Amino acid sequence: MEGVLRVDAVRRVGIAGSRPSPGRGGVGVPPRLVVGPAEVELGSRVVRMRGGDPLHGTKARGAVPARERRAELCLDRVVAAEDLRGPGGLVALVEELLGLGECPRLGVAAKAEFELQERGAGARVRDGARDGRPLTARLQNRDADDGAGRHERGEPDDEQDPPVPGRCERTGLGRHRPSVATKRLATFPKAMPSYRELLQQVKSEIDEVGVTRARDLLAGDDRPLVIDVRELDEWTEGRIPGAIHIPRGNLESRIEQAAPDHAQPILLYCAAGNRSAFAAKSLEELGYESVTSLAGGYTDWKRSGLPTELPRTLDGEKRQRYSRHVLIPEVGEEGQLKLLDSRVLLLGAGGLGSPSALYLAAAGVGRLGIVDDDRVDASNLQRQVLHSTSRLGEWKAESAKRTLEELNPDIDVVPYIERLTSENVERILADGWDVIVDGADNFPTRYLINDAAVWHDIPLVHGSIYRFEGQATVFKPGAGPCYRCLFPQPPPPELAPSCAEGGVLGVLPGIVGSLQASEALKLCLGIGEPLVGRLLLFDALATEFSEVNLRRDPNCPVCGDSPTITEYVDYVEFCSGRPTHA
Ligand SMILES: [Zn+2]
């Protein structure tokens, strides 16, 4: 017997309540018995903690006759024998002094259900439990009982061993079978509201609109944010055009991101209007002021012949490749699709262009243009990680294309084996780019692309490096300064440093180029705070980042109020290597 007990001592029974989610099971749904890590162990003390009646509150308890009361929301907490000093221990001690000690129980939260049965059976509260056998043996027996289907709800276990005072007993209650709180604890329940009652109550408290009204709202000026709260498989089979998808289970955690303004009107829908009703209630509780639920849901919408659309989704392979993006709420599947649709032009496949291009390609930016008229040289390989020894002498743009497409076959790399000039800049920009990453190493290109970006209204991610120092910023037309706001004209060629001075720590472009890639991704996704109007400075020797605020110059010759430069200027080329605004 001792042997068995020892085995029992390590056998654990886990009880986990399913989270009462109003949208799913309704309040007060008994949790299911789950297989998992143990929460209750033989010999542990269980402390009862009263959560109060969520619907009536605890105050009313004394005033209501016992038989009329609702089931109490009781939670049991296990207190280990060695942990009796804390607050739980104190409670346990008090309960023990009052003679309220209980044994570990199964299916504690199925109490309401159990109590109903008790009530039906004449509110039998047993004095003393009878089953003194080890928990394991009882569990085994329970399985056997289930198989035989012998026990009706509320019936005592007639076949059990004789009662042992002070122990708990079990009663047959399907899979759960909570043991009865014995001794002086007796509760007299009243039925919890059914799902239907709860739904009716919730629906009476929220605003609902029919499909016709919803259609008018969507066509109106103050178009609400439409949120589909169904599950992914339902969403993929069709949606209301323009809707965003936040499954009911994630609504509370993601709504701030989707609708930061609590005054924004929101229209929620699900398949039939029930989940969205609960969702609307939740959003109101979170402080959203104008929430409506679509009565009849997507089913009614579709049946009424209103427009629907099939959302694009990632196929299985892409879902796997970009799973770490899909997992981020700010990116998700939609963000990844956005990246796959994005087009980024990189100036230069050198030190800065290499890490930028690698990360943008890996992230799934659908189209990458690479402008570079140089060939791979041995002195490049110290930092230009797109290339390799075997590529010496190849065009950098071609070498980059090979490396990037090998990394990610989903993307399209467009090489431009030419130097950006006033002659070709319009042609290259005509291919359509959402963001430009400037990894150029010379002044003429810097000024040319700046002017082009302003005139084409394309955000330009700027980066520069020199020895141990790097800089990065974002020139976003209309939102901050441009390069010429800071440096209206390039320095005269005689003041430019010679090429021999332009040394750089090999890893430095890796850091600055990665920052540029990060900014470009944020711009493509439309998330976060890009480095607009902020110049980020990095000192690799000190390992220090600092930031300088930049302001748009109203007298800027290109983006100022009365621009003086209105067409491309080809500056005399001179040696590069020094940062252009160090
Ligand atoms: Zn400017």
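Computed from a prediction, not measured in an experiment: that's the story for all the values here.

1. Observations concerning the overall build of the protein chain
Moving on, step 1. Along its length, the protein chain carries 19 helices and 17 strands.
Moving on, step 2. Out of the 582 residues in the protein chain, the part that is buried amounts to 36%.
Moving on, step 3. In the protein chain, the share of contacts with a sequence separation of at least 24, taken over all contacts with a separation of at least 6, comes to 71%.

2. With respect to the nonpolar core
Grouped burial of nonpolar side chains is what soluble globular proteins tend to show.
Moving on, step 1. One finds V344, A357, L368, V435, I436 and A520 to be the most contacted residues of the largest nonpolar core, which totals 60 residues.
Moving on, step 2. Counting residues per element, this core draws most heavily on helix α19 (residues 508-525), which supplies nine residues.
Moving on, step 3. Here I436 is in contact with L345, L347, I449, A453, I458, L460 and V461, once residues within four sequence places are set aside.
Moving on, step 4. Ranked by size, the runner-up nonpolar core spans 28 residues in total, among them V211, V229, L268 and F278.

3. Some words on the environment of R534
Moving on, step 1. Tracing the backbone through its elements, the reader meets R534 in strand β16 (residues 534-539).
Moving on, step 2. Sequence separation between R534 and E547 is 13 residues; the distance between their C-alpha atoms is 6.4 Å.
Moving on, step 3. Sequence-distant contacts of R534, that is, excluding residues within four places in its chain, are made with T473, E547, N549 and L550.

4. Some words on the pairing of strand β12 (residues 412-416)
Moving on, step 1. The alternating pattern of β12 places V413 and P415 on a buried face, while none of D412, V414 and Y416, on the opposite face, is buried.
Moving on, step 2. Assessed by its sense of winding, the connection that carries the chain from strand β11 (residues 367-371) through helix α15 (residues 396-407) to β12 is right-handed.

5. Some details on helix α17 (residues 443-456)
Moving on, step 1. Taking 1.5 Å per residue, 14 residues should reach 20 Å; α17 reaches 20 Å between its end C-alpha atoms and fits that length.
Moving on, step 2. If you check which residues of α17 are buried, you get F443, P444, T445, R446, Y447, L448, I449, N450, D451, A452, A453 and V454.
Moving on, step 3. Phi turns positive one or two residues past the end of α17, at D457, with a value near 55°.

6. Describing the sheet that holds strand β10 (residues 343-347)
Moving on, step 1. Here eight strands make up an open sheet; going across it, the order is β12-β11-β10-β13-β14-β15-β16-β17 and the pairing mixed. The strands lining the two open edges of the sheet, one partner per strand, are β12 and β17 (544-549). Strand-to-strand, the axes of this sheet are offset by a mean angle of 15°, without reference to chain direction.
Moving on, step 2. Of the strand pairs in this sheet, β10 and strand β13 (residues 435-438) are connected by four bridges, and their pairing is parallel. Within the sheet, the bridge partner assigned to V344 lies in β13 and is V435.
Moving on, step 3. Packing against the sheet, helix α14 (residues 353-362) makes contact with β10, β11 and β13, and its axis sits at approximately 165° to β11.
Moving on, step 4. Packed onto the sheet, α19 meets β10, β13, β14 (460-466), β15 (469-475) and β16 and runs at close to 170° relative to β14.

7. Some thoughts on the sheet that holds strand β6 (residues 225-228)
Moving on, step 1. Spatially, five strands are ordered β5-β9-β8-β6-β7 in an open sheet, and the strand pairing comes out parallel. In the strand order of this sheet, the two ends are held by β5 (207-209) and β7 (244-245), each with one partner.
Moving on, step 2. Relative to β7, β6 is paired through two bridges, and the arrangement is parallel. Among the inter-strand pairings, D228 is bridged to a residue of β7, identified as H245.

8. Focus: the packing of helix α5 (residues 195-205) against helix α9 (residues 275-285)
Moving on, step 1. Running from N to C, α5 and α9 point in directions that differ by 55°, and their axes come no closer than 9 Å. On the basis of their axis angle, the class for α5 and α9 is oblique. With respect to the hand of their crossing, α5 and α9 are arranged in left-handed fashion. For the pair formed by α5 and α9, the contact residues are L199, V202, K203 and E205 on the first element and A277, F278 and K281 on the second.
Moving on, step 2. For the contact of α5 with α9, the per-class residue count stands at four nonpolar, no polar and three charged.

9. Things to note about the packing of α14 against α15
Moving on, step 1. Relative to each other, α14 and α15 sit at 30°, their axes nearing to 9 Å. One way to sum up the angle between α14 and α15 is to call them roughly parallel. Classified by chirality, the crossing of α15 by α14 is right-handed. Two secondary-structure elements touch here, α14 through A357, L358, A361 and A362 and α15 through A400, L404 and L407.
Moving on, step 2. Of the residues in the contact of α14 with α15, the class split is seven nonpolar, no polar and no charged.

10. So, the pairing of β10
Moving on, step 1. Of all five residues making up β10, four are buried, and the element is well covered by its neighbours.
Moving on, step 2. Relative to β11, β10 is paired through five bridges, and the arrangement is parallel. Paired with R343 across the strands is R367, a residue of β11.

11. Section: unusual backbone geometry
Moving on, step 1. If you check the backbone angles, D457 has positive phi at about 55° while not being a glycine.
Moving on, step 2. For D457, a count of 9 C-beta atoms within 10 Å gives the class exposed.
Moving on, step 3. Even without glycine at this site, R467 takes up a positive phi of about 55°.
Moving on, step 4. Turning to its location among the elements, R467 is positioned in the loop between β14 and β15.

12. As for the environment of S390
Moving on, step 1. Checked against the element boundaries, S390 lands in the loop between β11 and α15.
Moving on, step 2. Using a count of 9 C-beta atoms within 10 Å as the deciding quantity, one classes S390 as exposed.
Moving on, step 3. The spatial distance from the C-alpha of S390 to the C-alpha of V376 is 9.7 Å, given a sequence separation of 14 residues.

13. Here we look at the confidence of the model for the protein chain
Moving on, step 1. With 64% of its residues at a pLDDT of at least 70, the protein chain reaches an overall mean of 76.
Moving on, step 2. Taken together, the stretch residues 38-95 has pLDDT below 50 and engages in 91 contacts with residues farther than four places along the chain or on a different chain.

Calculation rules
- Residues numbered from 1 in each chain as written.
- Predicted model: local features only at pLDDT ≥ 70, side-chain atom pairs only at ≥ 80, totals over all residues.
- Helix = DSSP H or I, 4+ residues; strand = E, 2+ residues; numbered from the N terminus.
- Buried ≥ 20, exposed ≤ 12 C-beta atoms within 10 Å, placed from the backbone.
- Contact = placed C-beta atoms within 7 Å.
- Core = buried A, V, L, I, M, F, W, Y, C linked by C-beta atoms within 7 Å.
- Right-handed = clockwise from strand over helix to strand, strands pointing away.
- Expected span 1.5 Å × (residues − 1).
- Pairing = 2+ DSSP bridges.
- Axes fitted to C-alpha atoms, helices over the stretch in contact; angles between N-to-C directions.
- Parallel < 35°, antiparallel > 145°, perpendicular 65-115°, else oblique.
- Left-handed = near helix turned anticlockwise from the far one by under 90°.
- Nonpolar A, V, L, I, M, F, W, Y, C, P; charged D, E, K, R; others polar.
- pLDDT = per-residue confidence, 0-100.

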